[in-house]
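Breakdown of the fold
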Amino acid sequence: MRVEPEYAAVGKFFGRDPMYRIPKYQRSYAWENHEVQDFIKDLTNCYEKRRLGPGNEINHFFGGIVSVERKVTGVVHQHEYELVDGQQRFATFILFIASVISVYEEMLEEAKNNGDTTNEKIIENRISKLSERFIQFDQEVNRNTFTIDVLELSKSDKAFFSNLIKRNNPTPSRDSHHRLISAFDQILAKIKSLYAAHSITDRLDNLEEFQKIIDNDFTLIHIITYDEREAYKLFQVLNDRGKSLTEGDLLRAKTLELLEGFSTQQNLVENLWDDILIDTSKITDDHLRWIYASHYGTRAGSTTLFDDYMSRFFPQHNQTIVVTDAQAILSTIQQLKEEFEISRKISNGIWPYSSSSRSIVQWDKNRLDLLIRELGFKVTLPILLSSYHLGESKFSEIVQILEKFLFRYKTVCNQHIEAVVTIFHLHSVRMRLNPATYNIDDLKNELRIILNARANDTVFKSSLDTLAYKEGGGNKPTKYFLMALEHYKRWYDNGTVGAPKCLDKTRIYDFSSTTIEHVYPRNAHGVVQNANIEPFKNHLENLTFMGPTDNVLGGNDDFLTKKPIFLASSVSLNNDIGTLPQWTTTELSTRKEVLKNMACAIFVV
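Keep in mind the model is a prediction, meaning the values are calculated, not measured. Residue numbers restart at each chain and count upward from 1, following the sequence in its written direction. Totals for whole chains, interfaces and linings use every residue, but because this is a predicted model, local features are given only for residues with pLDDT of at least 70 and side-chain atom pairs only at 80 or more, for both listing and counting. As a rule here, side-chain values cover all heavy atoms of the structure and leave hydrogens and water aside.

It is worth spelling out the overall build of the protein chain at this point. From N to C terminus, the protein chain includes 22 helices and 10 strands. Radius of gyration means the value over C-alpha atoms here, while the globule rule gives 2.2 Å times the residue count to the 0.38 power. Relative to the compact-globule value of 25 Å for 605 residues, the protein chain shows a C-alpha radius of gyration of 32 Å, a clear excess of over 25%. Seen through its C-alpha atoms, the protein chain measures out along the principal axes to roughly 95 × 65 × 40 Å. Taken over 605 residues, the protein chain has a buried fraction of 53%. Restricting to contacts in the protein chain with at least 6 residues of sequence separation, those with at least 24 account for 71%. As displayed, the protein chain has an accessible area near 26900 Å², and 48% of this comes from carbon and sulfur atoms. Looking at charge distribution, the protein chain has the averaged site of its 72 positive side-chain charges lying 4 Å from that of its 80 negative ones. Numbering of helices and strands runs from the N terminus, with a helix taken as a DSSP run of H or I at least four residues long and a strand as a DSSP run of E at least two residues long. Classification of residues uses two cut-offs on accessible area relative to the type maximum, computed with a 1.4 Å probe and protein chains only: under 20% is buried, over 50% is exposed, and between them is partly exposed. Residue contacts are defined here by distance: any two heavy atoms, one from each residue, within 4.5 Å place the two residues in contact. Only the protein chains shown count as cover for residues, and the accessible areas themselves come from Shrake-Rupley with a 1.4 Å probe. By the counting scheme adopted, Arg and Lys are positive, Glu and Asp are negative, and His together with the chain ends is not counted. Here the site of a charge means atom NZ of a Lys, CZ of an Arg, CG of an Asp or CD of a Glu.

A pair of Phe, Tyr and Trp rings is counted when the ring centres sit within 6.5 Å of each other, with Trp represented by its six-membered ring. The angle between the planes then sorts it: under 30 degrees is stacked, over 60 is edge-to-face, the rest tilted. The final tally for this structure, using the stated rule, is 35 aromatic pairs. A centroid spacing of 6.3 Å and a plane angle of 40 degrees characterise the contact between phenylalanine 93 and phenylalanine 218, whose relative ring orientation is tilted. Placement of the pair is phenylalanine 93 in helix H2 (residues 87-113) and phenylalanine 218 in strand S8 (residues 218-225), with a sequence separation of 125 residues. By the burial criterion, phenylalanine 93 is buried, and phenylalanine 218 matches it. Centroid distance tyrosine 353 to tyrosine 388: 4.7 Å. Interplanar angle 20 degrees. Geometry classified as stacked.

Attention now goes to the pattern of salt bridges. When a carboxyl oxygen of Asp or Glu is within 4 Å of a side-chain nitrogen of Lys or Arg, the pair counts as a salt bridge. In this structure the tally under the stated criterion is 42 salt bridges. Lysine 192 is the partner of glutamate 106 in a salt bridge, and the nearest nitrogen-oxygen pair spans 2.9 Å. Here the residue glutamate 106 occupies a position in helix H2, and lysine 192 occupies one in helix H5 (residues 175-195), the gap between them amounting to 86 residues. Owing to a relative accessible area of 32%, lysine 192 belongs among the partly exposed residues under this scheme. A salt bridge links aspartate 576 to lysine 489, with the shortest nitrogen-to-oxygen separation between them at 2.8 Å. One end of the pair, aspartate 576, is in helix H21 (residues 572-578); the other, lysine 489, is in helix H19 (residues 476-493), with 87 residues separating them in the sequence.

Helix span is expected to be 1.5 Å times the residue number reduced by one. Over its 27 residues, H2 runs 39 Å from end to end, which matches the ideal 39 Å to within 8%, given 1.5 Å per residue. The element H2 is largely enclosed, with a buried count of 21 among its 27 residues. Where H2 ends, the next residue or the one after it, glycine 115, has phi of about 65 degrees, a positive value.

On to the nonpolar core, then. Here, nonpolar core refers to any group of buried Ala, Val, Leu, Ile, Met, Phe, Trp, Tyr and Cys residues whose side-chain atoms link them within 4.5 Å. Residues Tyr309, Leu384, Phe405, Phe481 and Phe603 are the most contacted members of the largest nonpolar core, which totals 103 residues. In this structure phenylalanine 481 touches Phe407, Leu464, Leu467, Leu540, Leu595, Ala599 and Phe603, once residues within four positions along its chain are discounted.

Among the secondary structure elements, glutamate 69 is positioned in strand S3 (residues 60-71). Placed 452 residues apart in sequence, glutamate 69 and proline 521 show a C-alpha to C-alpha distance of 76 Å. In this structure glutamate 69 touches His79, Glu80, Tyr81, Ile224, Thr225 and Tyr226, once residues within four positions along its chain are discounted. At 3.2 Å, the side chain of glutamate 69 and the side chain of tyrosine 81 are in polar contact. Two N or O atoms count as a polar contact when they lie within 3.5 Å, although within protein this holds only if one can serve as hydrogen donor and the other as acceptor, and sequence-adjacent residues are included solely when both atoms are side-chain atoms.

A separate point is the side chain of asparagine 119. Its location among the elements puts asparagine 119 in helix H3 (residues 117-134). If we ignore the near neighbours within four places in the chain, the residues touching asparagine 119 are Ile200, Thr201 and Leu204.

With respect to the helices and strands, the residue glutamate 270 is situated in helix H9 (residues 263-276). The residues touching glutamate 270, leaving out its near neighbours within four places in the chain, are Lys24, Lys155, Arg252 and Leu256.

Helix packing geometry: the angle between the two helix axes and the distance between the axes. Comment: axis = line fitted to C-alpha atoms, over the contacting stretch for helices; angle = value between 0 and 180 degrees taken between N-to-C directions. At a minimum axis separation of 11 Å, helix H15 (residues 392-412) and helix H17 (residues 440-454) run at an interaxial angle of 5 degrees. The angle between H15 and H17 places the two elements in the roughly parallel class. Residues Lys394, Glu397, Ile398, Ile401, Phe405, Arg408 and Tyr409 of H15 form the contact with H17, whose own contacting residues are Ile440, Lys444, Leu447, Ile450, Leu451 and Arg454. Charged residues are taken to be Asp, Glu, Lys and Arg, nonpolar residues to be Ala, Val, Leu, Ile, Met, Phe, Trp, Tyr, Cys and Pro, and polar residues to be all remaining types, Gly included. A per-class count over the contact of H15 with H17 returns eight nonpolar, no polar and five charged. We call two directions roughly parallel when the angle between them is under 35 degrees, roughly antiparallel when it is over 145, roughly perpendicular when it lies between 65 and 115, and oblique otherwise.

Looking now at the environment of aspartate 38. Within the secondary structure layout, aspartate 38 lies in helix H1 (residues 33-50). Between the alpha carbons of aspartate 38 and isoleucine 417 there is a distance of 42 Å; along the sequence they are 379 residues apart.

The subject of this paragraph is the pairing of strand S5 (residues 136-141). Here S5 shows a buried face lined by Phe137, Gln139 and Val141 and an unburied face lined by Gln136, Asp138 and Glu140. Any two strands between which DSSP finds at least two bridges are classified as paired. Sheet analysis places S5 next to strand S6 (residues 144-149), joined by six bridges and oriented antiparallel. The residue of S6 that forms the bridge with glutamate 140 is threonine 145. Connecting the antiparallel pair S5 and S6 is a turn made up of two residues, with asparagine 142 showing a positive phi of about 50 degrees.

Attention now goes to unusual backbone geometry. If you check the backbone angles, asparagine 414 has positive phi at about 55 degrees while not being a glycine. Here asparagine 414 is to be found in the loop between H15 and helix H16 (418-433). For threonine 496, which is not glycine, the phi dihedral falls at a positive 55 degrees. In this structure, threonine 496 sits in the loop between H19 and strand S9 (515-518). Accessibility expressed as a relative area gives 33% for threonine 496, which makes it partly exposed.

A separate point is the environment of aspartate 17. Residue position: aspartate 17 is located in the loop between strand S1 (3-9) and strand S2 (20-21). Through-space distance from the C-alpha of aspartate 17 to that of isoleucine 148 is 8.7 Å; in sequence the pair is 131 residues apart. In contact with aspartate 17, other than residues within four places in its own chain, are Gln78 and Phe137.

Viewed as axis vectors pointing N to C, H19 and helix H22 (residues 585-602) meet at an angle of 80 degrees, and their least axial separation amounts to 10 Å. Accordingly, the angle class assigned to the pair H19 and H22 is roughly perpendicular. For the pair H19 and H22, contact is made by Phe481, Leu485, Tyr488, Lys489, Trp491 and Tyr492 and by Leu595, Asn597, Met598, Ala599, Ala601 and Ile602, respectively. When the residues that make up the contact of H19 with H22 are grouped by side-chain class, the tally is 10 nonpolar, one polar and one charged.

So, about the state of the cysteines. The disulfide definition used here is simple: a pair of cysteine sulfur atoms within 2.5 Å. One pass over the full model with this rule turns up zero disulfides. Left unpaired, cysteine 600 is separated from the closest cysteine sulfur, that of cysteine 413, by 9.0 Å.

Pasting the structure below:
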């Protein structure tokens, strides 16, 4: 491979009409706050040394960048450089210059307002020169003039970055956009804090030091290559200043490399990856792992996610690609994009179907939010992704099975989850293989066996004693339990005929708006305080919940004062409490047994 390295100050690489382009296989802007702060630290150090006077300047080496050089058609002696490695640094260099220009523009307004024509011309000249070198310039191509951006990022960031450095206040729509804004704002704030001086002349001198830093003090090695296929290979082994490539970045690069020579499929895949990789690397990694387990019934390796995906999803990578292979890769990534859209919804507790049948109401949809967000069972994502393809009714049924099973098995009885995860993964594959013939009863039967062995009624009742009010938080399981009993109470009171069923789905208690309440006050004092009940005040039998429309006044009053509040509550469990003549240890003991019996009848599969 032919390469030509050149060591020079950064400013040297932004000379006459520079053109840098980020290739389609590159990731979006990835620098987080700590990398930006490292850059600012380097900038500050160089600036402070320069302020000590001539001879104190220092050099800061930014490492090497790699690019592929191409000639620009229709322009004499013009080259375009495709940045294989170095886009994070180059983008940050330009954010730095854009920040300097932004400060100059503020000073220009000040000079105009003060009638300072001399400094006005100086500032305008500096803005013009910096803009032409680092932001955009006019270029004549075959006797037509075009405005050219000096640096174009990859498609997902291209327009946003261009508008940001031109101070057009673009609206961010993905995580990389927020990182670009953050980097710009941090650099701008640091420049303003460093260059401050009383007179505009002094400030102009100080600001000019920043230009000298990029033209003299910041240095790097530019390694120029001339072979695009070699560039793809370089990209997969090079990192940007220690910022490792993510699994999603590598999959994007590799699939686009495979499609080199198939421009139609490659362009479509590029767009698909831009939609897929909109989240943080951690969230993207989670989605990739859930989708993998959903398809193949096993977890991807902790350090082999990229290899596992290439092996399973893109087996074409081991052969010479022909048009049918290119189309297969495109189809796989189209499916992957759809899976990501579903996974994003489910992992946030959002019902994944755009339109619902009449049999599925908001109560049913709310069970998914409870399972994922309130109970925190994202371990169910693989099987939920698969069950999505069974249709909405079966998906809803499986959500409710998992909700009740996992609350009993894991939340209350605290049994090991691995055996259950194995069952979930196996059924994920079965659902995908034959969605039309898949029988939910098979899943239920296997989960019943697990419950009977590890979380039977005796174990469950005993473990329910762990549900108590905790000072300072951690009460979600207790609140969920009481709300679940309320939803199934009419079915229970009617004799527990058939499978547990909510008989009034119009009543939906918003989890965040409901509160756990103590029947006997949590902070009882004076004549209200009862030494016999005090030890049990935070136990399950003394707890209930109030809906958002219920009266919660009188929380520290005695039971007779609170009876009317319970009787008027929208919660049936409270109505039962309100009918009691008194609240003693006898009533506590009786209610404890009732709640446990209800739980054993309701939390079954």
